[in-house]
Amino acid sequence: MRFSQTPSQVAINVTAMLILFALITMTFQPVFGGWRFFVAGAGGAVLGIVIGLLTSRGPLQGWLYTAAGVVLAYVLFGVQLAVPSTALWHVLPSFEGLRELMLGAVFSWKGLLTAEPPAEGFPSLLVVPFLTMLLCASVATTLALRLRRHGSFALIPVLIALVVGITFGTKIASFPVAVGVALAGVAVAWLAWRSKIHRDQLAKETELEVTAGRRLRKDLERKRFLGAVAMLALASLGAAGVGQIVNPAGRNVLRDVVEPPIELADYPSPLAGYRGWLKNYSDETLMTVSGMPADARLGLATMDYHNGEVYTVGGADDESAAGSFARVGDVIGVQQSGEEATVSVNIEGYSGIWLPSTGFAQSIEFEGDRQQALQTSLAYNGATGSAIVLNGLQAGDAYELHAIVPQNPDVDDLKQATISDVAVPKPAAIPDEIQAWASEHGTNGSTTMENITAMQIQLQKGAFSHGLENETTSLAGHSSFRMDSMFKVDSLVGDDEQYAVAFAFALQYIGVPARVVMGMYPDEGFESGSVELTGDDMHAWVEIPIEGFGWVPFDATPPEDQTQIEPDPVPKPEPKPQVLQPPQPIEEPVELTPEVQPEGGTMDDEEEGFDWLPIVMTVLIVLLSILLLLSPFIIIGLMKLSRRKKRRQAEDPSARLAGGWHEIVDQAVDLGLEVPRGVTRTKVAAHVSERYPQSRASDIGQYVDTGVFGPQSPPEDEVETFWSDVDRSVEAMRHEASFWDRLKSRLSVRSFMRNRSARRRTR
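Residues numbered from 1 in each chain as written. Predicted model: local features only at pLDDT ≥ 70, side-chain atom pairs only at ≥ 80, totals over all residues. Heavy atoms only, no water.

Draft legend 1. Expanded view of the overall build of the protein chain. Regarding its fold elements, the protein chain presents 23 helices and 18 strands. Expressed as a percentage of its 763 residues, the buried residues of the protein chain come to 49%. In the protein chain, of all internal contacts separated by at least 6 residues, the share reaching a separation of at least 24 is 77%. Per element, the accessible surface of the protein chain, about 37,000 Å² overall, is 57% carbon and sulfur. (Helix = DSSP H or I, 4+ residues; strand = E, 2+ residues; numbered from the N terminus. Buried < 20%, exposed > 50% of the residue type's maximum accessible area, 1.4 Å probe, protein only. Contact = heavy atoms within 4.5 Å. Areas by Shrake-Rupley, 256 points an atom, 1.4 Å probe, with all protein chains shown as cover.)

Encoded structure:
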């Protein structure tokens, strides 16, 4: 039942809600990091509390007004708090911010689960704490200010917000002991205070201060006993909740069961476009890099599965780690040992979704006009250190990379190295010729490392050729057929693409985990200062997992000046009849898609700009629909508020008493009660009291008759107190009515029609 609270009681309720939701906001700290999450969450909580306060008292009472307030606050303040980077001058909502806000209400929940903590760099993901606190705080505050007997229900939204903070967070809790004890302490203290207030009002709740003719007493001991039992139960639940927070090992979070949504196994292989970079951008600057360690490499993509045609990023089974990317912000959580490096990259001729990076990134900060678009589409693979930007890089983009670059072992370390047992997807098929070659050159050593070195040296004895003009014939591609053909001749011919894939095949055949990496580095290594990288600096190599060092790069490609081969290589004799065989068809080059086609520019060259008109129209339509939906409630509410104001501010005290009586009768009429016309106030009061016993309509009617028809007008202070009785009577009737009757009464105009008919009869 709703009841009237003193300003001090309202302040205590509001303060308790503010403290509770501020503490709950801290549960988002491990997944977001930084401080922006607290601004979004606490800001949403403050807005929700204000909405609950405004829609619990005065003319805006009602859940529909609460819902409208939440929607309005979300639109007006959501950009500044949840997507602040898109706000104009950090104050005004922008079209881009409204778009992110509307989409975030639907997609940010899954985005937060699939984002790599810390997720603060994703502005749209801050919608989760903002919207959670806004909704839960508004409902909790409304319940705390409206309910008298069941005020503990206000803790249900508090519990929901806590569950959201935990399940959408990580297994690591933020200040678990402090937050848990503070939450339980504030909740129990608030419930104890509510119980005391309830007991103090028990003696008054069954009578009206002015109109009661007698005082009805209640069994206070029974109420105290039930309250004590409830307090003990809630204290036990609070202690259990504290134990759950204090013991983070038992926390169950949703991100542990949700798979990242970005899977690149079905995307075209970047290695398929390897020759295109060399052919079309041989002397053109693709990017300018500074800050790279001298012996480091700038990687693009790490590929661990050969499907028979190309090496791809991510296999078809759960063993693949190279294809699982998760969205990250500008800060990336990484735990690696190695050399810290700050690398600056300015994109010129390069384009595509693959972000050049080195080592394992700690943070990636974009610059320039497309900073926001690139930052929000950034995804990272913590297992390989690879990064992508789904919006694609293009000329003019720039970013700064803070990374940990693992130290590569020297030759002596490798002699005693142990291969790590790492699961990688098995190739769809290893060509027969490579199997025979690996059996001959990769199984004679006394250790696995000797076999790896022997095959590496043997491959480096081959000839180097990109297959370009004036070079030895060397077809592009690295399909199983192409690799099988490469090993059918006496002398091997190819470039990084073929030799890296051949080495990976051979390693997989002898049981060594291997993956192929495509990236860039100058042949002489990175020098201090800025280095311009061209298409000639594009390379491919193999990585092998070494105990204590992680994935270590191995090069199997011959030197570029090693181009001599036998002029007419003779195929190996085969024990078959001398029958003229049709020539083998030459494999067509893999058709490159915009993501890997160097000549095609960026992925979205055709897209000149984002069309904001559908988004703006959608927002306007939603707001207009909400306004139209609420307009009947607003108009009728204002009409009833104006009528009540005229009655309460009438000059004659007797008229104010009569107006209060009419307010009670009108409420009964709007709730659906058929009130008889043309009878005495006593009969009307009896009819209302029969349907709504808690309204005390008979007592009020009797008091009004005495004040209106008595010899003296009632004093001003009694009239003001009488109107408080009227408010309690109206609230009692609404409490006894059904939910649908209360809802219909908000839109009912029956009282206006009844009063209009009464005026006509008196004329």
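There is more to say after this.
Draft legend 2. Highlighting the packing of helix α19 (residues 681-691) against helix α20 (residues 697-709). Here α19 crosses α20 at 160°, and the two axes come no closer than 8 Å. With respect to α20, the axis of α19 lies roughly antiparallel. Of the two possible hands of crossing, α19 and α20 adopt the one that is right-handed. When α19 is examined against α20, the residues Arg681, Thr682, Ala685, Ala686, Val688 and Ser689 are found in contact with a partner set consisting of Ala697, Ser698, Gly701, Val704, Asp705 and Phe709. (Axes fitted to C-alpha atoms, helices over the stretch in contact; angles between N-to-C directions. Parallel < 35°, antiparallel > 145°, perpendicular 65-115°, else oblique. Left-handed = near helix turned anticlockwise from the far one by under 90°.)

Draft legend 3. Expanded view of the sheet that holds strand β17 (residues 538-546). Read across the open sheet, the four strands follow the order β3-β15-β17-β18; overall the sheet is antiparallel. Here the strands that pair on one side only, and so sit at the sheet edges, are β3 (298-303) and β18 (550-554). Averaged over all neighbouring strand pairs, the angle between strand axes comes to 35°, with direction disregarded. Two elements, β3 and strand β15 (residues 515-520), share five bridges in a ladder whose sense is antiparallel. Looking at the pairing, leucine 298 lines up with methionine 520 of β15. Against the sheet, helix α16 (residues 496-509) contacts β15, β17 and β18, and its axis sits at roughly 20° relative to β17. (Pairing = 2+ DSSP bridges.)

Draft legend 4. Molecular detail of the packing of aromatic side chains. Enumeration according to the criterion identifies 11 aromatic pairs in this entry. A centroid spacing of 5.9 Å and a plane angle of 25° characterise the contact between tyrosine 74 and phenylalanine 130, whose relative ring orientation is stacked. With a gap of 56 residues between them, tyrosine 74 in helix α4 (residues 63-82) and phenylalanine 130 in helix α6 (residues 127-146) connect regions that are remote in the sequence. With a relative accessible area of 8%, tyrosine 74 lands in the buried category. (Phe/Tyr/Trp six-rings, centres within 6.5 Å; stacked < 30°, edge-to-face > 60°.)

Draft legend 5. Summary view of the packing of helix α14 (residues 448-459) against α16. Remark: α14 packs on α16, axes separated minimally by 11 Å, with the N-to-C direction vectors making an angle of 150°. Compared by their axis directions, α14 and α16 come out roughly antiparallel. Between α14 and α16 lies a crossing of right-handed hand. Between α14 and α16, the residues in contact are Ile452, Met455, Gln456 and Leu459 and Tyr499, Phe503, Ala506 and Leu507, respectively. For the contact of α14 with α16, the class distribution of residues is seven nonpolar, one polar and no charged. (Nonpolar A, V, L, I, M, F, W, Y, C, P; charged D, E, K, R; others polar.)

Draft legend 6. Main features of α6. In this model α6 runs 28 Å from its N-terminal to its C-terminal C-alpha over 20 residues, within 8% of the 28 Å that 1.5 Å per residue would give. For α6, the tally of buried residues reaches 18 of 20 residues, placing the bulk of the element in the interior. (Expected span 1.5 Å × (residues − 1).)

Draft legend 7. Molecular detail of the nonpolar core. Core analysis: the biggest nonpolar cluster contains 87 residues, and Met287 and Ile364 have the highest contact counts within it. Among the elements that take part in this core, α16 stands out by supplying nine residues, more than any other. Counting 60 residues, the second-largest nonpolar core is a separate cluster that includes Val10, Val31, Ala45 and Ala82. (Core = buried A, V, L, I, M, F, W, Y, C linked by side-chain atoms within 4.5 Å.)

Draft legend 8. How the structure looks around the pattern of salt bridges. Applying the stated rule across the entire model yields 16 salt bridges. Among the salt bridges present, the one from aspartate 666 reaches arginine 643, with a minimum N-O distance of 3.5 Å. In this pair, aspartate 666 is assigned in helix α18 (residues 653-670) and arginine 643 in helix α17 (residues 613-648), connecting sequence segments 23 residues apart. Just as aspartate 666 is buried, arginine 643 falls in that class too. Note that glutamate 720 is salt-bridged to arginine 648, the shortest N-O span being 3.3 Å. One end of the pair, glutamate 720, is in helix α21 (residues 716-736); the other, arginine 648, is in helix α17, with 72 residues separating them in the sequence. A relative accessible area of 38% means that glutamate 720 is categorised as partly exposed. Here the residues in one salt-bridge network are Arg643, Arg647, Glu663 and Asp666, joined through shared partners. (Salt bridge = Lys/Arg side-chain N within 4 Å of Asp/Glu carboxyl O.)

Draft legend 9. Summary view of the sheet that holds strand β7 (residues 339-347). Across the sheet, five strands lie side by side as β9-β12-β7-β2-β16; this open sheet has antiparallel pairing. Each edge of the open sheet is held by one strand with a lone partner, namely β9 (360-367) and β16 (530-534). Neighbour-to-neighbour, the strand axes of this sheet turn through a mean angle of 25°, independent of strand direction.

Draft legend 10. Representation of the side chain of serine 465 in the model. Note that serine 465 resides in the loop between β13 (463-464) and α15 (480-486). Residue classification places serine 465 among the buried positions, given a relative accessible area of 1%. At 2.5 Å, the side chain of serine 465 and the backbone oxygen of threonine 472 are in polar contact. Dropping the residues within four chain positions of it, serine 465 is found in contact with Arg275, Glu471, Thr472, Ser474, Val493, Gly494 and Asp495. (Polar contact = N/O pair within 3.5 Å; in protein donor to acceptor, adjacent residues only side chain to side chain.)

Draft legend 11. Spotlight on the environment of glutamine 5. Within the element layout of this structure, glutamine 5 appears in the segment before α1 (7-25). Taking relative accessible area as the criterion, glutamine 5 reaches 5% and is therefore assigned buried. When the C-alpha positions of glutamine 5 and arginine 57 are compared, they lie 9.4 Å apart, and in sequence the two are 52 residues distant.

Draft legend 12. Main features of the pairing of strand β11 (residues 386-393). Of all eight residues making up β11, six are buried, and the element is well covered by its neighbours. Pairing analysis gives three bridges linking strand β8 (residues 352-355) to β11, with the strands arranged antiparallel. The residue of β11 that forms the bridge with glycine 352 is leucine 393. Sheet topology places strand β10 (residues 378-381) next to β11; four bridges connect them, and they run antiparallel. Bridging from a neighbouring strand, alanine 379 pairs with isoleucine 388 of β11. Where β10 folds back onto β11 in an antiparallel hairpin, the turn is made up of four residues, including glycine 385, whose phi is positive at roughly 80°.

Draft legend 13. Representation of a nonpolar patch on the surface in the model. Together, Leu18, Val46, Val50, Leu54 and Leu60 give the surface a local cluster of nonpolar side chains, amounting to about 400 Å² of exposed area. Here the nonpolar patch takes three residues from helix α3 (residues 36-54), the largest share from any one element. (Patch = residues over 30% accessible without salt bridge, like charges linked within 9 Å, V, L, I, M, F, W, Y side chains within 5 Å.)

Draft legend 14. Looking closely at the confidence of the model for the protein chain. Taken over all residues, the pLDDT of the protein chain has a mean of 79, while the share at 70 or more is 76%. A low-confidence stretch, residues 205-209 stays under pLDDT 50, and its non-local contacts, those more than four residues away or across chains, total 16 contacts. (pLDDT = per-residue confidence, 0-100.)

Draft legend 15. Representation of a negative patch on the surface in the model. Judged by side-chain charge, Asp283, Glu471, Asp523, Glu524, Glu527, Asp536, Glu560 and Asp561 come together as a negatively charged surface patch. For aspartate 523, a relative accessible area of 54% gives the class exposed. (Lys, Arg positive; Asp, Glu negative; His and termini not counted. Charge placed at Lys NZ, Arg CZ, Asp CG, Glu CD.)

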